[in-house]
Amino acid sequence: DGIRTEWYAKFDLASPAEARGMPYTGVIERPDLQEIYLKALPTGTVRNGDGVASYTTDKNGCVDVELESGKKVHGDVLIGADGIWSAVRATMRDAPARGDESGATYSGYTVFAGELNYDSPDNGEVGYKVYIGPGQYFVITDIGKGRYQWYAFLAR
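Bear in mind that the values here come from a model prediction, so they are computed numbers and not experimental data.

1. With respect to the overall build of the protein chain
Here comes step 1: When you go through the protein chain residue by residue, the secondary structure sums to three helices and eight strands.
Here comes step 2: Ordered by position in the sequence, the α and β elements of the protein chain form the string β-α-α-β-β-β-α-β-β-β-β.
Here comes step 3: Rg of the C-alpha trace for the protein chain: 20 Å, well past the compact-globule value of 15 Å for 156 residues, more than 25% over.
Here comes step 4: Projecting the C-alpha coordinates of the protein chain onto the three principal axes gives extents of approximately 60 × 35 × 30 Å.
Here comes step 5: Per-residue burial over the protein chain gives 22% buried out of 156 residues.

2. Some remarks on the packing of aromatic side chains
Here comes step 1: This structure, assessed with the given rule, holds five aromatic pairs.
Here comes step 2: Here Phe138 and Trp150 contribute two aromatic rings whose centre-to-centre distance is 6.1 Å and whose plane-to-plane angle is 20°, an arrangement assigned as stacked. Highlighted residues: Phe138 in strand β7 (residues 136-144) and Trp150 in strand β8 (residues 147-155), separated in sequence by 12 residues.
Here comes step 3: Its relative accessible area of 27% is what places Phe138 among the partly exposed residues.

3. With respect to the nonpolar core
Here comes step 1: One finds Val52, Tyr55, Val63, Val65, Leu67, Val73 and Val88 forming the largest nonpolar core, which totals seven residues.
Here comes step 2: Where this core is concerned, the elements lending two or more residues are β2 (52-57) and β3 (63-67).
Here comes step 3: With three residues, β3 is the largest single contributor of residues to this core.
Here comes step 4: When neighbours within four sequence positions are excluded, Val88 is seen to be in contact with Val52, Tyr55, Leu78, Gly80 and Asp82.

4. Some points on the pairing of strand β6 (residues 128-133)
Here comes step 1: Where β6 and β7 come together, six bridges link them in antiparallel fashion. Bridging across to β7, Ile132 finds its partner in Tyr137.
Here comes step 2: Taken together, β6 and the strand that follows it, β7, pair antiparallel across an intervening segment of two residues, in which Gly135 is found at a positive phi of about 65°.

Here is what the cut-offs are and how they apply
Residues numbered from 1 in each chain as written. Predicted model: local features only at pLDDT ≥ 70, side-chain atom pairs only at ≥ 80, totals over all residues. Heavy atoms only, no water. Helix = DSSP H or I, 4+ residues; strand = E, 2+ residues; numbered from the N terminus. Rg over C-alpha atoms; globule rule 2.2 N^0.38 Å. Buried < 20%, exposed > 50% of the residue type's maximum accessible area, 1.4 Å probe, protein only. Phe/Tyr/Trp six-rings, centres within 6.5 Å; stacked < 30°, edge-to-face > 60°. Core = buried A, V, L, I, M, F, W, Y, C linked by side-chain atoms within 4.5 Å. Contact = heavy atoms within 4.5 Å. Pairing = 2+ DSSP bridges.

Distances and angles like these do not, on their own, reveal function.
Printed below as a string of structure tokens:
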């Protein structure tokens, strides 16, 4: 409403996990996650610039992948980080990558996003903060190391 000074909603990530004996969940900045993956994998495991043309899953859950170059690779896991028009998702869902049946539809909102350094008074206590107003909402989330991501959603 633009008048209140408190957050509309705060989402506690610790208490629900503790109550269920589960590990904490949170948000991690994408470059940090990529670095963790890359450091844990043998050199040459990740291939950029050669998209997935198709893949199949065998009876053991492993994947056989055909790349756009025609090269074939076999692996335990295929991470489909190929964007909104994901060929991996389309194959998984047996649906087109684009269009009404793709699983990627316009929500009616335009989003603006950014990051900032922020010394939050409730750092470590609240995972997400949300402000909701008519045709708009704002979300901010702790991504670690004093950094936050924010998203402003506006109905268009």
